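# Architecture at a glance
Given next are the chains, with one letter for each unit.
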Amino acid sequence: MRRQYISVISLLVIILWSSCRKDFEYDPSNGNLSFSKDTVFLDTVFTNIGSGTYALTVYNRTGVDLEIPSIRLGQGPLSNYRLNVDGMPGKEFQGIPIRARDSLFIFIETTFDISQANGPTFLYTDAILFDSGFNLQEVALVTLVKDAIFLFPRADSSGQKETLNLGPDGNGNEILVEGFTLGPDQLDFTNEKPYVIYGYAAVPENATLVMEAGTRVHFHQNSGIWVQPSASLQINGALSTDTLLLEKEVIFEGDRLEPEFDNIPGQWGTLWMARGSVNNRIDHLTLKNATVGLLVEGDGTLETPTLTIRNSQIYDAVSVNLWAKTAWVDAENLVLGSAGSTSLYCNLGGKYAFVHSTIANYWNRGLRNGAAVQIDNQTNLPSGELAVGNLEEANFVNSIIDGNGMFELELIGNQTNTFNFSFQNCLIKINDQAAGVSGNPLYDFQDPALYAEVLLNQSARFTDTAKNDFSLGPDSPVLGAAQEAAALRVPFDILGYDRTLMPDMGAYQFISND
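Notes on the structure in this doc start here. Treat the numbers as computed from the prediction; the structure is a model and nothing was measured.

### Remarks on the overall build of the protein chain
Helix and strand counts for the protein chain stand at two helices and 42 strands. Relative to its length of 514 residues, the protein chain is extended, with a C-alpha radius of gyration of 30 Å against a globular reference of 24 Å. When its C-alpha atoms are laid out on the principal axes, the protein chain stretches across 110 × 55 × 55 Å. Per-residue burial over the protein chain gives 49% buried out of 514 residues. Intrachain contacts of the protein chain at a sequence separation of at least 6 include 64% that bridge at least 24 residues. Carbon together with sulfur atoms contributes 50% to the accessible area of the protein chain, which is approximately 24200 Å² in total. With 31 positive and 60 negative side-chain charges, the protein chain shows a separation of 11 Å between the mean positions of the two kinds.

### Regarding the pairing of strand β42 (residues 469-472)
For strand β41 (residues 462-464) and β42, the ladder comprises two bridges, and the chain directions are antiparallel. Bridging from a neighbouring strand, Phe462 pairs with Leu472 of β42.

### Digging into the pattern of salt bridges
One pass over the full model with this rule turns up eleven salt bridges. One salt bridge connects Arg99 with Asp65, and the closest N-O pair in it is separated by 3.3 Å. Of this pair, Arg99 sits in the loop between β8 (92-98) and β9 (102-110) while Asp65 sits in the loop between β4 (54-60) and β5 (66-73), and the two are 34 residues apart along the sequence. According to the relative accessible area criterion, Asp65 is buried, its value standing at 12%.

### Observations concerning the nonpolar core
Proteins that are soluble and globular tend to have nonpolar side chains buried together. Counting residues in hydrophobic clusters, the biggest one holds 67 residues, and the most contacted among them are Phe252, Leu294 and Tyr451. No other element matches the seven residues that strand β28 (residues 320-336) contributes to this core. Sequence-distant contacts of Tyr451, defined by excluding residues within four places in its chain, comprise Leu409, Leu411, Phe421, Phe423, Ile428, Leu442, Tyr443, Asp444 and Phe445. Core analysis: the next-biggest nonpolar cluster, separate from the first, contains 28 residues, Leu33, Tyr54, Ile68 and Ile128 among them.

### Here's the deal with the side chain of Gln374
Position of Gln374 among the secondary structure elements: in strand β31 (residues 373-376). Classification of Gln374 as buried rests on a relative accessible area of 13%. Setting aside its immediate chain neighbours within four residues, Gln374 contacts Thr342, Leu344, Tyr345, Cys346, Glu410 and Ile412.

### Focus on unusual backbone geometry
Backbone geometry follows two general trends: most residues other than glycine have a negative phi, and most peptide bonds adopt the trans configuration. Of note, Asn222 is a non-glycine position whose phi angle comes to about 60 degrees, a positive value. Inspection of the secondary structure puts Asn222 in the loop between β19 (216-219) and β20 (224-227). A positive phi angle, close to 50 degrees, is found at Asn333, a residue other than glycine. Structurally, the position occupied by Asn333 is in strand β28. When its relative accessible area of 2% is taken as the criterion, Asn333 is described as buried.

Conventions used here
- Residues numbered from 1 in each chain as written.
- Predicted model: local features only at pLDDT ≥ 70, side-chain atom pairs only at ≥ 80, totals over all residues.
- Heavy atoms only, no water.
- Helix = DSSP H or I, 4+ residues; strand = E, 2+ residues; numbered from the N terminus.
- Rg over C-alpha atoms; globule rule 2.2 N^0.38 Å.
- Buried < 20%, exposed > 50% of the residue type's maximum accessible area, 1.4 Å probe, protein only.
- Contact = heavy atoms within 4.5 Å.
- Areas by Shrake-Rupley, 256 points an atom, 1.4 Å probe, with all protein chains shown as cover.
- Lys, Arg positive; Asp, Glu negative; His and termini not counted.
- Charge placed at Lys NZ, Arg CZ, Asp CG, Glu CD.
- Pairing = 2+ DSSP bridges.
- Salt bridge = Lys/Arg side-chain N within 4 Å of Asp/Glu carboxyl O.
- Core = buried A, V, L, I, M, F, W, Y, C linked by side-chain atoms within 4.5 Å.

Any functional reading would require information beyond the geometric quantities listed.
Next comes the structure, spelled out in structure tokens:
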């Protein structure tokens, strides 16, 4: 019996020893690892700003457990890349196990100082090395680094950052934001390097911020530009020869350069033209992915335009693309694309002229609670008070108002204040039999003083609304439907094509490729 116990115990020891050996003994890898990619391309980053995190998967496709003798960066501790191997941060690792037919993850990030390179852009490379000698395997790492001009609020000795007082909110409370006032040597933006703005950059009173053709401005989260009273903004973009690169366009967008952020709304704040700012002019601007694209406040007198905007496009704001409050806006060849609420909001009256403009809200990121165009002369303030203003005029000529809803024009006027508007040779997407429309004198489509030569409830048939391409398809009902006299005043479309012969509604003239 004692011998039987000894035999059983010996057998258990052998089984346990074999099990432990299988669990804890690994064969060294000998160049037989596989990878999810042979090169990891980290997207373009600005100097001294960390990249996003990128993943590499390492596979052991063999039937035995392996140990990788070493994983390291080719440039060693001096590399500007950072690794995280299965949860362990570092730049060099020893004895990394990987089970049979299993995998491990490596996460990669980088931060690079452009002063170490020559020129405003630099292709920074390194490699992740697995093992050494005859068993060496490697995966290349590639990042394009851009130099930039960084503008940001300073901090005092206690770490408190500069702030700007943007005035009272609807409840009378001061709006304080992190920000700074641009100095005299910061008021001319060029196309030599991109600009990256942290916080709000204020244009000082009696000064003008000028941007030359090809300027690129990137905004960090909760950042923007504030044009103060008596200050001005002049954006001098020009027609580009390359419709993809837009080399002469001025572009405003967020500071995340990864492709997946290209059309993500709400990455930054707004371009705010404060009450009392003067002579603001914009030509050939693309503004995207803001919270509110343009916020334009009138001066109360409306003796000159608050904003003159030409050949520009604003889209993918999380709220409103163009919000004008008792302002005077003069627009030609303007494209206001999709927004989370309203593409164009003419709020509390004002004075507006939109000629050959395309206003189309095809928001596809959830429900939206606004029409493509909303015009009112009254609004309820957060304090509960009712604010009113006179709508001196809101004239739309040869323009398109479209979207993926059935009610893309909302007019809210009281019986006390002025509410003057007109639509001439426009396409308007609206259900004229819907509640609130039928019998409402603001929607009397038979009144030629309000609606002349309009197309109702038809789709403009754009090329690709999901990609913010609001050029016209060959079967669009707006082809040749524009008023010729107005087209002669704006003879070229947003891309520079002649529209004087058989002009189309909207910012784009259809050009056949046949």
